[in-house]
Each structure stands twice: as structure tokens, then as C-alpha cells.
Amino acid sequence: MTFLITGSTGTTGSRLARLLDDQGAPVRRAGRSTGADVRLDWADPTTHADALSGVRAVYLVAPPGATDPEARVLPFLEAARDAGVERIVLLGSSAVPVGSPGLGTLGARLASFVPHPVVLRPTWFSSNFTGHHPHADSVRRDGEIVSATGQGRIPFIDPGDIAAVAAKALQGEVPAGADPVLTGPRTLSFDEVAATLTEVTGRPVHHRHVDVAELSRIHQGFGLPEGFADLLAGMDASIATGSEDRTTTAVQDITGEAPRSFRAFVTAALGAETDTRSA
Ligand SMILES: NC(=O)c1ccc[n+]([C@@H]2O[C@H](COP(=O)([O-])OP(=O)(O)OC[C@H]3O[C@@H](n4cnc5c(N)ncnc54)[C@H](OP(=O)(O)O)[C@@H]3O)[C@@H](O)[C@H]2O)c1
């Protein structure tokens, strides 16, 4: 059975494709880049049928930043149903319950198209501070993390742990209709994130507290549309009130392995960056 990985150049999709490759599973990397096994563009439904041919299970990363992901992905879901796809594993978010607007609506609709839908709802990624992300850019450029999270806490997760759960879900080891919230092993405030990055990198990193309106203006300054900037800044506000201040056992329950800590993730990731630069 072929596993189709969308978002295969991205943070979770690339890790998932590698993991399945290592397990000897048949993987098809879909995307717009020349490195993909098959071309898939959400904006071009003529690419969907070929990508889905012979596929039994799909890892679905919706178009990033879309305020209407359900509408953008609908033609693909129709093609998946027509191709007889059995499972879709959607990358959702802990901040977006199934059924709520945006990604939540997409998650709720999956059952109309495939018999075995699963929605993974990870919390914030540890890689936001090391990879291609505004926080990582800000840490590298200015030695600071800018947020409106106040003293709110987040159980940051290693995207490799999300990939490990997704691999199990694609293989049918997560029940149909499940929507597990995936977290790391403990919660951290952004002050603690900054302190950990300072220790690991040896360069000072501090947390600059701003209010929601200022954060939205900062996001817009980096080119985000106003509506999406407001949405992201609003997420910080809910973190400040404790919305992410919990851990779950889902990663351990599904994979049999404990999730990796933020410190272990950034030590490995930033150590690797240093090695590459000095090589
Ligand atoms: N970061 C966090 O803390 C966090 C927390 C919870 C949930 N999430 C969820 O994670 C999602 C992002 O997942 P990720 O980090 O694994 O991916 P990512 O690194 O943001 O990469 C996005 C992927 O989508 C692909 N893509 C973009 N536009 C496309 C198009 N028109 N057609 C086909 N493919 C397209 C990109 O491929 P190309 O090579 O073609 O550009 C890329 O592979 C977010 O949207 C959010 O919902 C993130």
C-alpha cells in the first residue's frame, strides 16, 4: 500500500517520509518542488488524480496560512474518495478543535470522504526556534523571541515525534475518528525557552514581551495579511491565559516511546547547525 505524503518538503512531512523510507514502506513524496516523486499543487486540481493513483493512505498538510483550508483542499478530498483512499491523517493543531473554523472544519469533513480519518493535533513545534520560522529568524538575527504569551506555558513537541505518530496512524494503528492532542514531556514559558537557547547556544537570547496589537503589527511588517496576523497574535493571547498549559501521554501511548524534550531537541538541532558551519 502506497503512502502519499503531502507537505513532503516541510517540517513534519520530510521527517515522516524519511521514517517510512527507513522502515521500507512504500512512500510517494508529493509537492511542487522538482525533488517530489509526484507533482501536487493544492491550487491545481489536475495534479490530484495522478498523485493519488494506487494510494491507500495520505498524510495531509493543508496549504499553510490558508484561512479557508477546507475549500482549498476539497477537490483533493473528492479525488481521494474517487481513488478509493482508505485513510487520511490530517496535520491539525492543538489550538484548533475538530469542528471549529479553518483546519477544524477540514478535520470534521474528512469522514465524508474516507472510512478512516485521523486528525493529529500537535502543540507548538520545538523546531520553531531552530528551523525556518519567524521565531528562529528573530533568535538568529536579534537574539530575541517576541511574543504576547506573557508567562503562559507550552509543552513544545519535537516534529520527529509528530512524524512517528503519523507513521503509526497511516499504518492504521490509531483508531478512525481519533484526534489526539500531541505534546512534549513538559511545559515551558517563553522566558524558559530563551534561557534554554542561551545555555545551549552560548549566545544570549531574551524574551521580549509585547501586547497582542503590537504583535499583529510585527507580523504584518513581515508581510502577513492583517487577518492572519491577528489570528496568530490572538493565539499568543490564549496561551497567556493557559490554553496550552498541559501535557498528554498520546505520543508515548501511540509510538511506545517517550516524547523528546525541548532541550534535547534544540541541543541536537543547533549542535548540528554548528557542525555544518564549521565543516
Ligand atoms: N509550527 C507550529 O508550531 C505548529 C503547531 C501546530 C500545528 N502546526 C501546523 O503545521 C502546519 C505546517 O506543517 P509543517 O510545519 O509540517 O509544514 P511546513 O514546514 O510549513 O511546510 C509546508 C509544506 O506545504 C507545502 N505546500 C505549500 N503550498 C503548497 C501548494 N500550493 N501545493 C502543494 N504543497 C504546498 C510546502 O511545499 P513546497 O515545497 O511546495 O513549498 C511544504 O512542504 C501549519 O500550517 C499548522 O497548521 C504548526
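The structure presented is a predicted model; accordingly, all values stated were derived computationally and were not measured. (Residues numbered from 1 in each chain as written. Predicted model: local features only at pLDDT ≥ 70, side-chain atom pairs only at ≥ 80, totals over all residues. Heavy atoms only, no water.)

Engineer: Could you clarify how one ought to interpret the nonpolar core in this entry?
Structural biologist: It is characteristic of soluble globular proteins that their nonpolar side chains tend to be buried jointly. By size, the foremost hydrophobic cluster in this structure holds 29 residues, and its most contacted members are Ile 5, Leu 16, Leu 20, Tyr 59, Leu 170 and Leu 182. Where this core is concerned, the elements lending two or more residues are β1 (2-5), α1 (11-22), β4 (55-60), β5 (87-91), β6 (116-122), α6 (159-170) and α10 (250-255). Examining the composition of this core, we find that 7 residues originate from one element, α6, more than from any other. Filtering out sequence-adjacent residues up to four positions away, Tyr 59 remains in contact with Leu 4, Ile 5, Thr 6, Thr 12, Gly 13, Leu 16, Val 89, Leu 91, Ile 162, Ala 166 and Leu 170. (Core = buried A, V, L, I, M, F, W, Y, C linked by side-chain atoms within 4.5 Å. Buried < 20%, exposed > 50% of the residue type's maximum accessible area, 1.4 Å probe, protein only. Helix = DSSP H or I, 4+ residues; strand = E, 2+ residues; numbered from the N terminus. Contact = heavy atoms within 4.5 Å.)

Engineer: Whenever I open this one, the pairing of β4 confuses me. Can you help?
Structural biologist: The side chains of a regular strand alternate, residue by residue, between the two faces of the sheet. The element β4 is largely enclosed, with a buried count of 5 among its 6 residues. Pairing analysis gives 4 bridges linking β1 to β4, with the strands arranged parallel. Residue pairing across strands places Phe 3 opposite Ala 57, the latter belonging to β4. When β4 meets β5, the two strands line up parallel, connected through 4 bridges. Residue Val 58 lies in a different strand from β5, and its bridge partner there is Ile 88. Of the crossover connections in this fold, the one passing from β4 over helix α3 (residues 69-82) to the parallel β5 is right-handed. (Pairing = 2+ DSSP bridges. Right-handed = clockwise from strand over helix to strand, strands pointing away.)

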